[in-house]
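Spelled out from the first residue to the last, the chains are:
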Amino acid sequence: MSSTIGGGANMSMNFDNKTVLSKDVSGLDKHLNAVVSGLLDKESNEENLSFYSAMEEEIQQGARGSAGDCQSFELFNFNETETRLKLRELERALLEDEEEEDSFFADEIMGMGECSVTTCTESSFSEDSSYISGQAQALLSRGNTKQMLIYSARALAEGRVEEASAMINELRQVVSVNGDPLQRASAYMTEGLAARVEASGKCLYKALRCKEPPSSERLAAMQILFEVCPCFKFGFMAANGTIIKAFEGESRVHIIDFDINQGSQYMTLLQTVAGLSEAARPHLRLTGVDDPESVQRIVGGLEIIGLRLQELADILGVSFEFKAVPAKASSVTPTMLDRRPGEALIVNFAFQLHHLPDESVSTTNQRDKLLRMVKGMNPKLVTMAEQDVNTNTAPFFPRFIEAYNYYTAVYKSLDVTMPRGSQDRMNVERHCLARDIVNIIACEGEERVERYEVAGKWRARMTMAGFTSCPMNPGMIDVIKKMIKEQYCDKYKVKEELGSLHFGWEDKSLIIASAWT
């Protein structure tokens with residue numbers, strides 16, 4: 001992994017130009033080189049806290065369910081028929097957010113107040129610092145990056161584009177992709193705001209997806225993220241532990257994974273199966289689904305992943321077979337999955353469902369459609385792991401606040417497990433986290449594909465699809481708690497709530513894992 005934040009031509013960002021060219025993104029690196037290292041205040045003084053609190057109070061004025069009512073441009077297409085609007089209103093009412101996303105152990109709940117979102121054009125962009133108001137000048141003098149980011153996002157939400165642009169230019173002088181966790185998160189959030197100002201979020205995200213870094217780096221970064229960020233790792237462990245528990249009394253088990261990625265979850269699962277007694281070890285059949293246009297295509301796709309898993313199973317003496325389904329999850333049908341009599345069916349959704357558009361994007365509602373299809377197959381168990389934050393239905397400004405709180409916690413957790421100067425950490429943040437942040441902040445409508453939801457919303461979806469919550473494997477929960485105590489630090493948290501496991505950093509829930517029948 002030789003690329004650096006400032007030097008890699010494959011994933012670089014240039015927000016100084018008014019457009020982003022998807023065919024040639026080498027110029028995008030110029031932007032990251034322009035992000036000057038700086039120091040970020042870790043603690044706010046009383047004046048800073050007062051200002052930030054005032055802003056948060058404005059958000060909290062809305063009712064808890066107002067996110068579903070806010071008519072931001074990403075939720076509505078005024079050319080749609082009245083039937084579509086009524087259907088969407090009904091689904092939102094049925095799927096009311098429970099809004100426990102903002103705090104892990106406390107009851108700090110942020111309401112989603114109404115706000116307007118303005119589409120920005122080139123003509124509205126200005127670098128003239130004279131657009132900065134007196135209040136903004138006071139923020140600059142204090143140098144509090146968090147408040148500057150919030151001020152910029154608020155200005156954008158209210159259509160004060162020139163003022164937001166001027167503040168973004170100031171932010172670029174004080175944030176750093178090589179600094180402390182708050183600086184690094186702020187650097188990428190600043191570029192998300194810049195992309196939104198220039199209406200280049202769509203082009204940027206497509207460019208980053210089309211111009212993937214070399215396959216070895218991209219795949220390695222994804223693997224490192226799942227391994228070194230314990231909350232992601234715990235999500236996989238909880239799912240595997242519950243899957244193993246479901247093997248009891250079964251001679252043949254069929255697992256369907258709708259986003260198998262590199263198959264790493266099943267390398268661990270196969271090793272666990274190998275440790276079972278011969279009588280308790282079933283024949284395992286795994287069906288792996290993955291988008292044929294994903295990064296996997298560079299390294300041979302699902303067939304290569306299947307061969308690797310088969311080789312491992314042979315070494316371990318586990319009876320195993322693999323079936324590849326190279327298709328988008330939304331296009332999968334039951335006949336493609338080859339259900340066989342006498343098999344216990346288990347379905348695994350690991351960090352995948354949030355990519356499917358729901359009723360807020362299209363009346364097709366691919367998210368709920370897939371869940372209903374799976375329920376119709378009568379599985380013995382369904383496991384799910386997802387990020388615990390609302391970047392789906394929240395309007396722009398509340399979404400920005402949630403994203404800031406979420407990703408700063410993720411960046412802090414990475415600092416504990418990886419050295420500040422680690423190239424692996426830089427690649428993880430650059431190849432995995434930066435793209436998500438830009439997409440969440442800069443993109444709208446169908447172009448915003450990182451659409452996470454909170455635990456309560458997933459419970460509502462699963463219940464509406466006909467599923468019933470079931471407990472996770474208590475033995476695995478104990479293992480995870482022991483790992484946190486012995487291998488990590490006490491800032492990592494695990495909490496059981498309403499049938500789901502929450503894995504978090506300090507008071508912020510980051511990952512949820514749940515099981516359903």
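The residue numbers shown here count from 1 along each chain, following its written sequence. Residue-level local features of this predicted model are given only where pLDDT is at least 70; pairs of side-chain atoms are given and counted only at 80 or more, and the full residue set underlies all totals for whole chains, interfaces and linings. Note: side-chain values were computed over all heavy atoms of the structure, leaving out hydrogens and water.

## Some points on the overall build of the protein
Link 1 in the chain: Across its full length, the protein carries 17 helices and 9 strands.
Link 2 in the chain: Categorising residues by exposure relies on relative accessible area from a 1.4 Å probe, with only protein chains included: less than 20% of the type maximum marks a residue as buried, more than 50% marks it as exposed, and the intermediate range marks it as partly exposed. Buried positions account for 58% of the 517 residues belonging to the protein.
Link 3 in the chain: Summed over its atoms, the accessible surface of the protein is roughly 20300 Å², and 50% of this surface lies on carbon and sulfur atoms. Here a strand is any run of E in DSSP of at least two residues, a helix any run of H or I of at least four, and the numbering for each starts at the N terminus. Reported accessibility uses the Shrake-Rupley method at a 1.4 Å probe radius. Residues are deemed covered only where the shown protein chains occlude them.

## Quick notes on the packing of aromatic side chains
Link 1 in the chain: Ring geometry is summarised as follows: Phe, Tyr and Trp rings, the Trp one being its six-membered ring, pair when their centres sit within 6.5 Å, and such pairs are stacked at plane angles under 30 degrees, edge-to-face over 60 and tilted between the two. Taken as a whole and judged by the stated rule, the model has 9 aromatic pairs.
Link 2 in the chain: Aromatic pair F234 and Y488: ring centres 5.8 Å apart, planes at 85°, arrangement edge-to-face. Separated by 254 residues along the polypeptide, F234 in helix 10 (residues 230-246) and Y488 in the loop between helix 17 (474-487) and strand 7 (492-497) bring together distant segments of the chain.
Link 3 in the chain: Ring centres of Y406 and Y407 lie 5.2 Å apart, and the angle between their planes is 80°; this geometry places the pair in the edge-to-face category.
Link 4 in the chain: Using a relative accessible area of 2% as the deciding quantity, one classes Y406 as buried.
Link 5 in the chain: Counted as over-ring charges are cases with an Arg CZ or a Lys NZ within 6 Å of the ring centre that also lie within 35 degrees of the ring normal. Geometry around Y151 places R160 over its ring, the cationic atom sitting 5.6 Å from the centre.

## With respect to the packing of helix 10 against helix 17
Link 1 in the chain: Axes here refer to lines fitted to C-alpha atoms; in helices the fit is confined to the stretch in contact. Angles between the N-to-C directions go from 0 to 180 degrees. Two elements in contact, helix 10 and helix 17, have axes separated by 9 Å at closest approach and are oriented at 155°. Of the possible angle classes, the one that applies to helix 10 and helix 17 is roughly antiparallel. Here helix 10 and helix 17 pass one another in a crossing that is right-handed. Residues K233, F234, M237, A238 and G241 of helix 10 form the contact with helix 17, whose own contacting residues are M476, V479, I480, M483 and I484.
Link 2 in the chain: Broken down by class, the residue content of the contact of helix 10 with helix 17 amounts to 8 nonpolar, 1 polar and 1 charged. The labels follow the angle: roughly parallel below 35 degrees, roughly antiparallel above 145, roughly perpendicular from 65 to 115, and oblique for the rest. Left-handed describes a crossing in which the near helix is turned anticlockwise from the far one by less than a right angle; the clockwise case is right-handed. Contacts were defined at the residue level, with two residues in contact if any of their heavy atoms lie within 4.5 Å. Under the grouping applied here, Gly and all other residues not named as nonpolar or charged are polar, the nonpolar ones being Ala, Val, Leu, Ile, Met, Phe, Trp, Tyr, Cys and Pro and the charged ones Asp, Glu, Lys and Arg.

## Quick look at the nonpolar core
Link 1 in the chain: Residues belong to a common nonpolar core when they are buried Ala, Val, Leu, Ile, Met, Phe, Trp, Tyr or Cys residues joined through side-chain atoms within 4.5 Å. Core analysis: the biggest nonpolar cluster contains 100 residues, and L193, F247, I255, L309, F400, Y407 and F503 have the highest contact counts within it.
Link 2 in the chain: The element best represented in this core is helix 14 (residues 396-417), accounting for 12 residues.
Link 3 in the chain: In this structure Y407 touches A185, L433, D436, I437, I440 and Y452, once residues within four positions along its chain are discounted.
Link 4 in the chain: Counting residues in each nonpolar core, the second largest holds 27 residues, with F258, V325, L371 and A465 among its members.

## Some remarks on the pairing of strand 9 (residues 508-516)
Remark: a regular strand shows side chains that alternate across the two faces of the sheet.
Link 1 in the chain: By the criterion of burial, strand 9 is predominantly enclosed, with 9 of the 9 residues buried.
Link 2 in the chain: Direction of pairing for strand 5 (residues 381-387) relative to strand 9: antiparallel, over a ladder of 6 bridges. Of the residues in strand 9, the one forming a bridge with V382 is W516.
Link 3 in the chain: Two strands pair when backbone bridges link them, and strand 6 (residues 469-470) and strand 9 are joined in this way by 2 bridges, in the antiparallel orientation. Counterpart to S469 in the pairing with strand 9 is W516.
Link 4 in the chain: Pairing of strand 8 (residues 500-505) with strand 9 involves 5 bridges; the strand directions are antiparallel. For G504, the partnering residue across the bridge sits in strand 9 and is S509.
Link 5 in the chain: Hairpin connection of strand 8 to strand 9: 2 residues between the antiparallel strands, including E506 at a positive phi of 55°. Strand pairing is assigned whenever DSSP identifies at least 2 bridges connecting the two strands.

## As for unusual backbone geometry
Link 1 in the chain: For D338, which is not a glycine, the phi torsion comes out positive at approximately 55°.
Link 2 in the chain: In this structure, D338 sits in the loop between strand 3 (320-326) and strand 4 (344-350).
Link 3 in the chain: Exposure remark for D338: the relative accessible area of 28% places this residue in the partly exposed category.
Link 4 in the chain: Backbone geometry at E506 places phi at a positive 55°, although glycine is not the residue there.
Link 5 in the chain: Mapped onto the fold, E506 is located in the loop between strand 8 and strand 9.
Link 6 in the chain: On the basis of relative accessibility, which here comes to 31%, the residue E506 falls in the partly exposed class.

Any functional reading would require information that these geometric values do not contain.
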